[in-house]
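The residues making up each chain are set out below.
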Amino acid sequence: VVLEPFPLSVDTAPIDVPQLLNVQRRQGPRVLLGIFATEREEENAYWQAQRRLLQAHPDRICPLSSAILPSSCELVYTFVVGANAAGPTTQKSDFLVNQTTSKTGNMDVTRLNIVENTMVDKSQTWFSYAHHHLVQVHGFDYVAKCNLDIFLRLDEWFDFAQQHLPMQTHRRIFAGMFADAISTKMRVMNLKEYLKPKYARHYLYWYALGQFYLFSASILRDVVAEIPNYPGTGNGRNQEDIAMSFIAMKTPGVVELLVLAEKDRFWSQGLPEPALGNFSHRDTALPVGVTSSSFIAPVTSPLIKESPSNSSRRVPPNRPRILMGIFSTMSSRTDARYRSLFRELFQANHPYRDRICPLSNVHDSCELIYTFVLGANPNTTTTEIRTGPDAESFLFQGSVAAFAEDAAEGDYTFLNIRENMDEGKTPTWWAFVSHILQKYELDYAAKCDSDTILLLDGLFGFAETYLPPKTHRRILLGKFSDSMLYQNLLPSGQVDRQRKYLEGKFGSHTLHWFAQGQFYLLSAQLIQDIQVEIANFPGFVVNFEDQVLSMMALKSAGLIELLVLAESEHFWLHKFKLSRQRHKFKAAWEEKLRQITGTPREGEVFAPTPFAITTANSTTVEMSNSI
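What counts and how
- Residues numbered from 1 in each chain as written.
- Predicted model: local features only at pLDDT ≥ 70, side-chain atom pairs only at ≥ 80, totals over all residues.
- Heavy atoms only, no water.
- Helix = DSSP H or I, 4+ residues; strand = E, 2+ residues; numbered from the N terminus.
- Buried < 20%, exposed > 50% of the residue type's maximum accessible area, 1.4 Å probe, protein only.
- Contact = heavy atoms within 4.5 Å.
- Areas by Shrake-Rupley, 256 points an atom, 1.4 Å probe, with all protein chains shown as cover.
- Phe/Tyr/Trp six-rings, centres within 6.5 Å; stacked < 30°, edge-to-face > 60°.
- Lys NZ or Arg CZ within 6 Å of the ring centre and 35° of its normal.
- pLDDT = per-residue confidence, 0-100.
- Disulfide = S-S within 2.5 Å.
- Core = buried A, V, L, I, M, F, W, Y, C linked by side-chain atoms within 4.5 Å.
- Patch = residues over 30% accessible without salt bridge, like charges linked within 9 Å, V, L, I, M, F, W, Y side chains within 5 Å.
- Salt bridge = Lys/Arg side-chain N within 4 Å of Asp/Glu carboxyl O.
- Lys, Arg positive; Asp, Glu negative; His and termini not counted.
- Charge placed at Lys NZ, Arg CZ, Asp CG, Glu CD.
- Axes fitted to C-alpha atoms, helices over the stretch in contact; angles between N-to-C directions.
- Parallel < 35°, antiparallel > 145°, perpendicular 65-115°, else oblique.
- Pairing = 2+ DSSP bridges.
- Polar contact = N/O pair within 3.5 Å; in protein donor to acceptor, adjacent residues only side chain to side chain.

Student: So what's going on with the overall build of the protein? Which residues, and what values?
Tutor: Helices and strands together make up the secondary structure of the protein, namely 14 helices and 20 strands. Across the 627 residues that make up the protein, the buried fraction comes to 59%. Partitioning the contacts of the protein with sequence separation of at least 6, the portion at a separation of at least 24 is 81%. Carbon and sulfur atoms provide 49% of the accessible area of the protein, an area that totals close to 25200 Å².

Student: Please give an account of the packing of aromatic side chains that cites residues and values.
Tutor: Per the stated rule, a full pass over the model turns up 35 aromatic pairs. Considering the side-chain rings of Trp206 and Phe480, the 5.9 Å spacing of their centres and the 75 degrees angle between planes classify their relative orientation as edge-to-face. Residue Trp206 is found in strand β8 (residues 206-216), and its partner Phe480 is found in strand β17 (residues 475-482); the two are separated by 274 residues along the sequence. Each member of the pair, Trp206 as well as Phe480, carries the same accessibility label: buried. Seen from their ring centres, Phe571 and Trp572 are 5.0 Å apart, and the 80 degrees between their planes marks the pair as edge-to-face. Of the two residues, Phe571 and Trp572, neither departs from the other in class, the shared state being buried. The ring centre of Phe36 lies 5.0 Å from the NZ or CZ of Lys122, which sits over that ring.

Student: Please set out the confidence of the model for the protein residue by residue, giving values where relevant.
Tutor: Mean pLDDT over the protein: 79, with 76% of residues reaching 70 or higher. Within the model, pLDDT remains below 50 along residues 280-309, and this stretch shows 74 contacts once partners closer than five positions in the same chain are excluded. Note that residues 605-627 has pLDDT below 50 and, in this model, 65 contacts with residues that lie over four places away or in other chains.

Student: Give me the lowdown on the state of the cysteines, citing residues and values where you can.
Tutor: A covalent bond between the sulfur atoms of two cysteines is referred to as a disulfide. The tally for this structure, following the rule as stated, stands at two disulfides. For Cys62, the disulfide goes to Cys73, at an S-S distance of 2.1 Å. Here the S-S torsion is close to -105 degrees, and the disulfide linking Cys62 with Cys73 is therefore left-handed. In this pair, Cys62 is assigned in strand β2 (residues 61-63) and Cys73 in the loop between β2 and β3 (75-82), connecting sequence segments eleven residues apart. Just as Cys62 is buried, Cys73 falls in that class too.

Student: Talk me through the nonpolar core; I want residue IDs and the actual numbers.
Tutor: Buried together is how nonpolar side chains tend to be arranged in soluble globular proteins. In terms of nonpolar packing, the biggest core is built from 140 residues, with Trp157, Phe212, Phe215, Leu257, Trp430 and Leu562 touching the most fellow members. Leu345, Phe460, Ala463 and Leu578 belong to the second-largest nonpolar core, a separate cluster that totals 50 residues.

Student: Before we move on, can you summarise helix α8 (residues 425-434) with the specific residues and values?
Tutor: Most of α8 is tucked away: ten of the ten residues are buried. Residues Lys425, Thr426, Pro427, Thr428, Trp429, Trp430, Ala431, Phe432, Val433 and Ser434 constitute the buried set of α8.

Student: Give a description of the environment of Phe158 that names residues and reports values.
Tutor: Its place among the elements puts Phe158 in helix α3 (residues 154-164). Spatially, the C-alpha atoms of Phe158 and Phe266 are 9.1 Å apart, while their sequence positions differ by 108 residues. Once you skip the residues sitting within four places of it in the chain, Phe158 turns out to touch Arg60, Ile61 and Glu74.

Student: Can you lay out a positive patch on the surface for me, pointing to particular residues and giving the numbers?
Tutor: Taken together, Arg333, Arg337, Arg582 and Lys586 make up a surface patch of like positive charges. Going through the elements one at a time, α7 (333-347) and α14 (582-597) are the ones with two or more residues in the positive patch. One can find Arg582 in helix α14.

Student: I'd love a proper account of the packing of helix α5 (residues 217-226) against helix α6 (residues 240-250), names of residues and values included.
Tutor: Their axes nearest at 9 Å, the elements α5 and α6 cross at an angle of 110 degrees. For the element pair α5 / α6, the angle class is roughly perpendicular. Between α5, through Ile219, Val223 and Glu226, and α6, the contact on the second element is made entirely by Met244, Ile247, Ala248 and Lys250.

Student: Please provide a residue-by-residue account of the environment of Arg474, values included.
Tutor: Mapped onto the elements, Arg474 comes out in the loop between α9 (456-466) and β17. The class of Arg474 is buried, set by a relative accessible area of 6%. Residues Arg474 and Leu258, 216 residues apart in the sequence, show an inter-C-alpha distance of 9.7 Å. Those residues in contact with Arg474 that sit more than four places away from it in its chain are Lys505, Ser523, Gln525, Leu526, Asp529, Ala553, Ser556, Ala557, Gly558, Leu559, Ile560 and Glu561.

Student: Please give an account of the pairing of β17 that cites residues and values.
Tutor: Within β17, eight of the eight residues are buried, leaving the element largely enclosed by the surrounding structure. Strand direction decides the pairing type here: β17 and strand β18 (residues 513-523), joined by six bridges, are antiparallel. The residue of β18 that forms the bridge with Phe480 is Ala515.

Student: Break down the side chain of Asn117 for me, citing the residues and quoting the values.
Tutor: Among the secondary structure elements, Asn117 is positioned in the loop between β4 (109-112) and α2 (122-138). Within the local environment of Asn117, its side chain forms a polar contact with the backbone oxygen of Thr89, the two atoms lying 3.4 Å apart. Polar contacts involving the side chain of Asn117 include one to the main-chain amide nitrogen of Lys122, which spans 3.2 Å. In contact with Asn117, not counting residues within four places along its chain, are Thr89, Lys122 and Glu240.

Student: So, the side chain of Ser523: which residues are in play, and what are the values?
Tutor: Within the fold, Ser523 resides in strand β18. A relative accessible area of 0% places Ser523 in the buried class. Contacts of Ser523, omitting those with residues within four sequence positions, involve Asp443, Tyr444, Arg473, Arg474 and Ile475.

Okay, structure coming up:
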């Protein structure tokens, strides 16, 4: 047996089984699927239907019934039951009962040493057992859970896995169909206090629907470590799928959510029992007479597969090129001061100076391109431009006398609109950006407020770790919040309008999520895809443009990937206002500038702390962003 390399340092109990298997023959990642069931007779038809479906592809699918799995096996399944009628609802170590076969003598069953329970602690026990005893032994890249009435459409499943689930990854991926615990009126236990240490006041009441969800092995390690800390575990009052989601969100490090829409599902649900007797053994794996919805919207070709032969870009291959639009105004003296501070930061004597440039002067090795974004036409009533034939059509062509104070800098983008907030400036910026993606070979673009303090060491370190260049991934990164938390402060009907806008893609499970305007970033592929939404956005839906942008990103065709940063993982500060807290802002800004330039205080020997790059053995991102 050839040893199978496994990059994660997973804490596993010693097991007397053969060594890890060779992955070279596999086409995609290896996924362990736990099918949640009971041993009641009325479920027999579902058990048999699942077996007929999964046994139709023995070359790529196999049961978890032996210590040695075929090296070509990609999807490993097992039925998960609670098999100890006198046991607790959860187990921390003694996971299995002694009897390894089901009542019918089948070996494809995992019999947990807990009382059978629904929506209590069964999920926690399953994922803990899988992590401690199976992941490293069999080289699983992902562990999933699904309900017994979920039937995979196997062709779509394998397509999804190959496109979106990398093998042997350190990425902390959590994939599923998500909902909002507030909007669905689910009972939430002590979650404000539970999530507050990581997300401060921006509580994320998001959870994956129990019909199907999965964790990468990397995040699963942290999830299992966090399970004992969850306030509902073991008290018999848990709602396990909500619990597992909140536990995942609480774990240290950036959480990558793969958010599936209704049309992205690779499974069928709720089939009537008479339909279970007849399965087509084609790859669609659907019962006869059931129509398959199309798989996830086709992923368009990456904008930049590789630099063209005439490209001047000389950015190292592991580093992305990012455009950052800093929203500013011409009328405010405070904003002029913010612009001056940004320039001082970018031009200071620090290791990143040569990697930064203005949009007006992009050089070969530039990785962070910045520009100040202003509405520059005072003589128009237009507050937004959604479409145009080229980039020039979005720009003001006249002179800007009021901006003479720093016109010589040339680091600004004058939009051909009246200066405004929440009336169209943000979609105008993103429509403009969509026209310059290829010209500047951009991998990502961002928007940030002028009163945001960038932590350049954190920004460049994060980019190298989490933002691959030339990717077709549809990434939205930011500090997320939930508009349902503010529904009492919003105009009447706004939350309902948001629901109606998104329900065509997400059905009844509307996601009231948005990235806050202080800083957020989109991949080039996602920017390209939201052009349609920008052009067709149905007028007044919500009041806040940054919320609108997130809605457009969620609504756009295809699977979206959210990089959810905790408070401690931000590479920016947004705590103080120069106009109201001048001394605090100045002190924070000077301290960060001192750190990044390595300038010691008087009498101090100073060594700047580098950004901690995530490795396969440690996925916790550490940054010094305290004030």
